[in-house]
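Examining the three-dimensional arrangement
Below, each chain spelled out in residue letters.
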Amino acid sequence: MSSLLESCKLMDQSSSALSTVAIASAALSCEAARANLSAFDLTDSGDGSVSKEDIGVSSDIKVLLNSSKLAVSSNKGDDKVNTDSFSKIPVVYGNVREAVKSLHSVIRVVSNSGEKLGGKVLHLCFELRNLGEDSLERVRSNLGSVGVEGLKGIFEKECLSEESLRNGVKLAVEAGLEKDYVKLVKDVELVLRIVWKIVAWEAVSAFFVLEGVEFLNEKTGGKGGEFDGGNVKAEKKKKKKVLLGKGTSVIVEMIKDRLMSKGECLEKIVEEFLSFLDPKSADFDGLLKKVKEILESNESRRIPKTPKGTRDFAKEQMTIRKKAFSIITKVFERHCATALDTPAFELKETLTGKYGEDSKLIYDLADQGGELCSLRYDLTVPFSRYVAMNGLTSFKRYHIDKVWRRDNPSKGRYREFYQCDFDIAGQYEKMGPDFEVVRILSEVLNALNIGDYEIKLNHRKLLDGVLEICGVPPAKFRTICSSIDKLDKQSFEQVKKEMVEEKGLSVETADKIGTFVKIRGPPLELLSKIMGGTEGSELLKHNASKEALGDLSILFDALYKSRCIDKVVFDLSLARGLDYYTGVIFEAAFKGGVQVGSIGAGGRYDNLIGNFGTKQVPAVGMSLGIERVLTIMEEKAQNQAVRATETQVLVAILGDKLAVAAELVSELWDVDIKAEYKVHKKVMKHIEYAIDSKIPWMVIVGERELNEGIVKLKNIETTTEEAIPRSNLVGELQQRLKLDP
């Protein structure tokens, strides 16, 4: 076992070094191919959908290529070089980093488990193969455009191929299946050596594309043409010096210094180059140290980051968010609700015990003022506390604000996010508020124009009746509901396994639950079927279930008359895990291409307000998962022009007279025209800014315009321009802006 552990430690060191050198080789290939760098514009979205290692790889590549004139930004360059071999780099290399770190972690804590070590080693093997294949694709691309004949022939003698990698992986997998962990490590070491050779060849081939002709001419004293072992393609003009990245230029100079004093035979030069990148060579540590120094000394490494599960919103995102909040507020106010705001944190006792199994996600705050407090988990419990505290018996309110949950971030799931809530508390006609909040959810989603969606609807008393009929003990109702609530993400067999193995239900009870929770369909049709079918006979004999079916009958009729029932699905699997629901429950799901999960939910909670006071005030409400809705809207907006500001007019002053700009722009502000100003001598700078910012109108004022008492009014879209009297500016703009859409 000790020899296995030592072998794993050596593999850990070698693969860690490889993950660093491979980044440098890939960066050189980016420049050799004039690659598009858009694949490296990764940012931390805050929800865990982008791996930290992928972001780290992208950042390292951009550090090495900083100031490069060869690798291009996302809005420039030739699409033909934007191939998979470059776009896959963040994920492929990020996965290798994760596998290396995972193996390193196990080595630190494991000293007697060959199985754990073997699993991590095999995982690393698969990721190394992917890296090798990706790098090999770029080697061949580089060799196809290299200006030195004979180099390709030297490479072909190495017999490096995808097949050699796959054969190595097959041997490793077979050793793993046989639990021969010593052989497994040896087989993976073979794969690692092959990948090292490929990565080294990527650096060789990229170097010769970038510097080969110039380097060999310099090495042969400027003779050019033929040299010992190869031929430099003739160049009629002196090669124009290209500007490499700040990081890659340092690496290239190190390589040139190493090779300049060696022999003039091409094979010897290549052999010396490969030796420089061999981790066993004496000079390799110097190269590795220099690459790490370049990456770690970068100033961006010291820039602070947002906490996991949170994010910043750029101006384009804020434009979409403001639009969405405006639409939602308009719908809420159409239904005559008043706005409410509550503190960001509550007494811990206010929140405890209201969220079932999710209570563990409440963010507790340090006790600094003699009170135990927690960040609010949702907006419903604070609303209920407010109603009870103020002795209200009737209140229709909306609230749009942030909430916090100590959750594991995933796609569309954050630790800090906005909720948009609408609630109706008080005594009303039966099912009236329930109908209205479902209708409001439908109105909001329609107004946001996100695309197709459905609203799944159920009744908590009906679900409790199902559990009782199936033989679930009342003490397990809530925890079994939590399992059933996972059916939108898991198969029934997975949920059944949880109910039986983790929560102690019998197989028969779980199977009987399955016959009910698989029932879903159009509300009126399915309700009619249940009322007259075999499942309904059992439910109608149960008082709570019978009451629930009566409630749903009234609700579905109202939704039908309201012309929004086509978006509603009656689904007996809908459980909603929160403890405070007592009646109708519903959840909206997006049915378009973006996978975001639930985008809105709610239900009736008749007992929650009474928990805080002496009066029981029935209530029902809905909450929009605005972050997920915004993800959909941002996805749709990618191919559309999004204006970060609502600027209508740019006052462009040609020269340096701030006072002129202040006078003109203030006149526009005074009449509520959205305007901004720029002071610059070059008119094209103003025009470029207006075009980039999508500002429709420009007022241009230079020395001649000042002397003649005029201004030039330019329409950016049509590019037409006309001179108007200075005194008519405000009136002309007011008239034209009214005509503009």
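All values derive from a computational prediction rather than experimental measurement.

**A closer look at the sheet that holds strand β17 (residues 697-701)**
A sheet is described by the order of its strands in space; here 5 strands give the open sequence β16-β15-β17-β18-β19, paired in mixed fashion. Single-partner strands in this sheet number two, and they are β16 (675-680) and β19 (721-725). Put simply, the sheet's adjacent strands are angled 25 degrees from each other on average, direction ignored. When strand β15 (residues 649-654) meets β17, the two strands line up parallel, connected through 5 bridges. Following the sheet pairing, leucine 650 is matched in β17 by methionine 698. Helix α25 (residues 683-692) rests against β15, β16, β17 and β18 (710-715) of the sheet, and its axis sits at about 165 degrees to β15.

**So, the pairing of strand β9 (residues 453-459)**
The element β9 is extensively covered by neighbouring structure, given that 7 of its 7 residues are classed as buried. Both β9 and strand β12 (residues 584-590) contribute to a ladder of 7 bridges, which runs antiparallel. Bridge pairing links tyrosine 453 to phenylalanine 590 in β12. Here 3 bridges tie β9 to strand β11 (residues 568-571), and the two strands are oriented parallel to one another. Each residue of the ladder has a partner; that of lysine 456, found in β11, is valine 569.

**Brief notes about the packing of helix α16 (residues 460-470) against helix α22 (residues 543-561)**
Contact geometry of α16 with α22 gives a least axis separation of 8 Å together with a crossing angle of 150 degrees. Here α22 runs roughly antiparallel to α16, going by the angle between their axes. Both α16 and α22 take part in a crossing whose hand is left-handed. Taken together, the residues of α22 that come into contact with α16 (itself represented by Lys461, Leu462, Gly465 and Val466) are Ala544, Ser545, Glu547, Ala548, Leu549 and Leu552. Looking at side-chain class alone, the contact of α16 with α22 contains 6 nonpolar, 2 polar and 2 charged residues.

**Here's the deal with the domain arrangement of the chain**
Size of an interface: often given as the accessible area lost when the parts come together. Domain boundaries in the chain define domain 1 (1-222 + 255-296), domain 2 (313-451 + 592-641), domain 3 (455-589) and domain 4 (649-739). Taking only C-alpha atoms, the centre of domain 1 and the centre of domain 4 are 55 Å apart.

**Considerations on the packing of aromatic side chains**
Under the counting rule described, the total for this entry stands at 15 aromatic pairs. Seen from their ring centres, phenylalanine 207 and phenylalanine 215 are 5.6 Å apart, and the 70 degrees between their planes marks the pair as edge-to-face. Take phenylalanine 207 and phenylalanine 215: they sit in the same class, and that class is buried. A centroid spacing of 6.2 Å and a plane angle of 70 degrees characterise the contact between tyrosine 355 and tyrosine 580, whose relative ring orientation is edge-to-face. Taken together, the residues span a long stretch of sequence, with tyrosine 355 in the loop between α13 (348-351) and β6 (373-375) and tyrosine 580 in the loop between β11 and β12 at a distance of 225 residues. Here tyrosine 355 matches tyrosine 580 in class, with each residue buried. An aromatic cluster is present here, built from Tyr355, Tyr377, Tyr580, Tyr581 and Tyr605 joined pairwise through their rings. Across from the ring centre of phenylalanine 313, 3.7 Å away, lies the NZ or CZ of arginine 321, which sits over that ring. Above the plane of the ring of tyrosine 453 lies lysine 567, whose end atom (NZ or CZ) is 4.8 Å from the centre.

**Some details on the sheet that holds β12**
What the 9 strands build is an open sheet, ordered β4-β7-β8-β14-β13-β12-β9-β11-β10; its pairing is mixed. Both outer strands of the open sheet, β4 (338-339) and β10 (520-521), are each paired with one neighbouring strand and no more. In this sheet, β11 lies alongside β10 in antiparallel orientation, the contact comprising 2 bridges. Each residue of the ladder has a partner; that of arginine 520, found in β11, is aspartate 571.

**Remarks on the environment of alanine 637**
One can find alanine 637 in helix α23 (residues 626-637). Considered as a pair, alanine 637 and glutamine 317 are 320 residues apart in the sequence and their alpha carbons are 9.7 Å apart.

**Regarding the layout of surface pockets**
One number sums up the size of the second largest pocket: a volume of about 1200 Å³. The wall of the second largest pocket is formed by 50 residues, among which Asp358, Tyr377, Arg405, Arg413 and Arg576 lie closest to the centre. Elements represented by at least two residues in the lining of the second largest pocket include exactly β8 (416-425), α17 (477-484), β13 (598-604), β14 (619-624) and α23. Here the lining of the second largest pocket is composed, by residue class, of 15 nonpolar, 16 polar and 19 charged.

Calculation criteria
Residues numbered from 1 in each chain as written. Predicted model: local features only at pLDDT ≥ 70, side-chain atom pairs only at ≥ 80, totals over all residues. Heavy atoms only, no water. Pairing = 2+ DSSP bridges. Helix = DSSP H or I, 4+ residues; strand = E, 2+ residues; numbered from the N terminus. Axes fitted to C-alpha atoms, helices over the stretch in contact; angles between N-to-C directions. Contact = heavy atoms within 4.5 Å. Buried < 20%, exposed > 50% of the residue type's maximum accessible area, 1.4 Å probe, protein only. Parallel < 35°, antiparallel > 145°, perpendicular 65-115°, else oblique. Left-handed = near helix turned anticlockwise from the far one by under 90°. Nonpolar A, V, L, I, M, F, W, Y, C, P; charged D, E, K, R; others polar. Domains from an automatic or database assignment. Phe/Tyr/Trp six-rings, centres within 6.5 Å; stacked < 30°, edge-to-face > 60°. Lys NZ or Arg CZ within 6 Å of the ring centre and 35° of its normal. 1 Å grid on protein atoms, 1.4 Å probe; cavity = no way out; pocket = protein on both sides within 12 Å on 5 of 7 lines; lining within 4 Å. Points joined across faces, edges and corners; volume = space filled by probe spheres on them.

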